Amino acid sequence: MAYRKKIVAGNWKMNKSATEARVLVADILMEIKKFDASDIVICPPFTSLAAISELINEVPNIRLGAQNLHQQSNGAFTGEISAGMLRDLYCRYVIVGHSERRQYYKETDELIKEKAKAALDANLKPIVCIGETLAEREANDWKKVITRQVDNGIAGIDEKQIEDLIIAYEPVWAIGTGKNATPEQAQEVHHFIRGLIAKHYSSAIASKIRIQYGGSVKPDNAKQLLHQPDIDGALVGGASLDARAFAAIVLASRH
Ligand code: PEP
């Protein structure tokens, strides 16, 4: 089996001014500077990227990520931010297709794929979020939903670039609700997603793709979730706003 380095990313969502972000990052650095076994990504709002970029510039195990980007490289798109602009601030990652963007901004699988491609073309690693809603899980439709999201939102990305793409499985019913999937439930879906990647690309590629779990990951459930065979890290919302909790999750991700 290919070795997959764990990756823990903090999605701050629309929280923290640039001033507050500097304080939180300083706290995170104090808590986690000793751990280098996992890739650590901090995804603040756009307005804090420059400030954080300066703070983590010299720290080898922490990278900067954005929460969204536009699919075009420039032009008349008022209020939007391109992949090149993110790269210029030394971003290495960008979250794409978070369920909140799918829900509130009507982002489709097709648009998400365009954004993921734009990110990859600019040398940014996209963290592409997929996951079913509560109604879809209760109707036992999760396989159908995940298959559609992978078929339309990921498959077709160039084989030479796909290994830089990270998938985040985030069951919508577990985001911000305090209800997480059990490690067994999450493992079952991650294994299924890896199978879809193998079908579209190859088993060798599927074994290299990192698949994060997201949805109410906390210090007390992280270890069990992150040590399932197909779970390669976490996308953390609420707990990433607390330096100690985030550091504990990073620590729990160690192999
Ligand atoms: C998220 O928004 O990506 C997320 C997983 O949030 P939380 O950890 O708060 O459930």
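Since the model is a prediction, treat every value here as computed from it, not as a measurement.

Trainee: Describe the layout of surface pockets, and please don't skip the residues or the numbers.
Mentor: Roughly 520 Å³ of internal volume is contained in the largest pocket. Contributing to the lining of the largest pocket are 19 residues, with Met14, Gln67, Asn68, Arg101 and Tyr105 lying nearest its centre. At three residues, the largest contribution of residues to the lining of the largest pocket is made by helix α4 (residues 99-104). Of the residues that constitute the lining of the largest pocket, the class distribution is eight nonpolar, seven polar and four charged.

Trainee: Talk me through helix α8 (residues 183-200); I want residue IDs and the actual numbers.
Mentor: Taking 1.5 Å of rise per residue, the 18 residues of α8 would be expected to cover 26 Å, and the 26 Å separating its terminal C-alpha atoms lies within 8% of that figure. Residues of α8 that are buried include every one of Pro183, Ala186, Gln187, Val189, His190, Ile193, Arg194, Leu196 and Ile197, and no others.

Trainee: For the packing of helix α7 (residues 142-153) against α8, give the residues involved together with the corresponding values.
Mentor: Across the interface, α7 lies against α8 with an axial gap of 10 Å and an inter-helix angle of 40°. The orientation of α7 with respect to α8, classified from their angle, is oblique. Seen from above, α7 lies across α8 with right-handed handedness. When α7 is examined against α8, the residues Trp142, Lys143, Ile146, Thr147, Val150 and Asp151 are found in contact with a partner set consisting of Glu188, Val189, Phe192, Ile193, Leu196, Ile197, Lys199 and His200.

Trainee: Go over the site of the ligand with me, naming the residues and quoting the values.
Mentor: Neighbouring residues of the ligand: 14 residues in total, closest Lys13, His98, Glu170, Gly176 and Ser216. One nitrogen or oxygen atom from the side chain of Lys13 is found 2.6 Å from an oxygen atom belonging to the ligand. At 2.7 Å, a backbone N or O of Gly176 approaches an oxygen atom of the ligand.

Trainee: Please give an account of the pattern of salt bridges that cites residues and values.
Mentor: Under the definition given, this model contains 16 salt bridges. Among the ionic pairs, Glu100 bridges to Lys13, the shortest N-O distance being 2.8 Å. You can see Glu100 sitting in helix α4 and its partner Lys13 sitting in the loop between β1 (7-11) and α1 (18-32), a full 87 residues away along the chain. Take Glu100: its relative accessible area is 24%, and that puts it in the partly exposed class. One salt bridge connects Lys208 with Glu163, and the closest N-O pair in it is separated by 3.8 Å. Of this pair, Lys208 sits in helix α9 (residues 203-208) while Glu163 sits in the loop between α7 and β6 (166-169), and the two are 45 residues apart along the sequence. The structure contains a network of salt bridges with shared partners spanning Arg4, Arg194, Asp230 and Asp232.

Here is what the cut-offs are and how they apply
- All chains use their own residue numbering, which begins from 1 and follows the written sequence.
- Reporting of local features is limited, given that this is a predicted model, to residues whose pLDDT is at least 70; pairs of side-chain atoms are given and counted only at 80 or more, and all residues count toward the totals for whole chains, interfaces and linings.
- To obtain the side-chain values, all non-hydrogen atoms of the structure were used and water was disregarded.
- Here a cavity means grid points, on a 1 Å grid over the protein atoms only, where a 1.4 Å probe fits yet cannot get out; a pocket means an open set of points with protein on both sides within 12 Å along at least five of seven lines; lining residues are those with an atom within 4 Å of a point.
- Grid points are joined across faces, edges and corners, and a volume is the space filled by probe spheres set on the points.
- Secondary structure follows DSSP: runs of H or I at least 4 residues long count as helices, runs of E at least 2 residues long count as strands, and numbering of each begins at the N terminus.
- The nonpolar class holds Ala, Val, Leu, Ile, Met, Phe, Trp, Tyr, Cys and Pro. Asp, Glu, Lys and Arg form the charged class, and all remaining residues, Gly among them, are polar.
- Take the residue count of a helix, subtract one, and multiply by 1.5 Å to get its expected span.
- A 1.4 Å probe rolled over the protein chains alone gives each residue an accessible area, and that area as a share of the maximum for its type sets the label: buried under 20%, exposed over 50%, partly exposed in between.
- Lines fitted to the C-alpha atoms define the axes, with helices restricted to the stretch that makes contact. Angles between their N-to-C directions range from 0 to 180 degrees.
- Geometric relationships in this document are graded by angle, where less than 35 degrees denotes roughly parallel, more than 145 denotes roughly antiparallel, 65 to 115 denotes roughly perpendicular, and other angles denote oblique.
- A clockwise turn of the near helix away from the far one marks a right-handed crossing, whereas an anticlockwise turn of less than a right angle marks a left-handed crossing.
- The contact definition used throughout considers only heavy atoms, calling two residues in contact when any of these lie within 4.5 Å.
- Throughout, the term near means that a residue has one or more heavy atoms lying within 4 Å of the molecule or strand in question.
- Any pair of nitrogen or oxygen atoms within 3.5 Å is treated as a polar contact; in protein, a donor-acceptor pairing is required on top of that, and neighbouring residues in sequence qualify only through side-chain atoms on both sides.
- By definition, a salt bridge exists where a carboxyl oxygen of Asp or Glu is found within 4 Å of a side-chain nitrogen of Lys or Arg.

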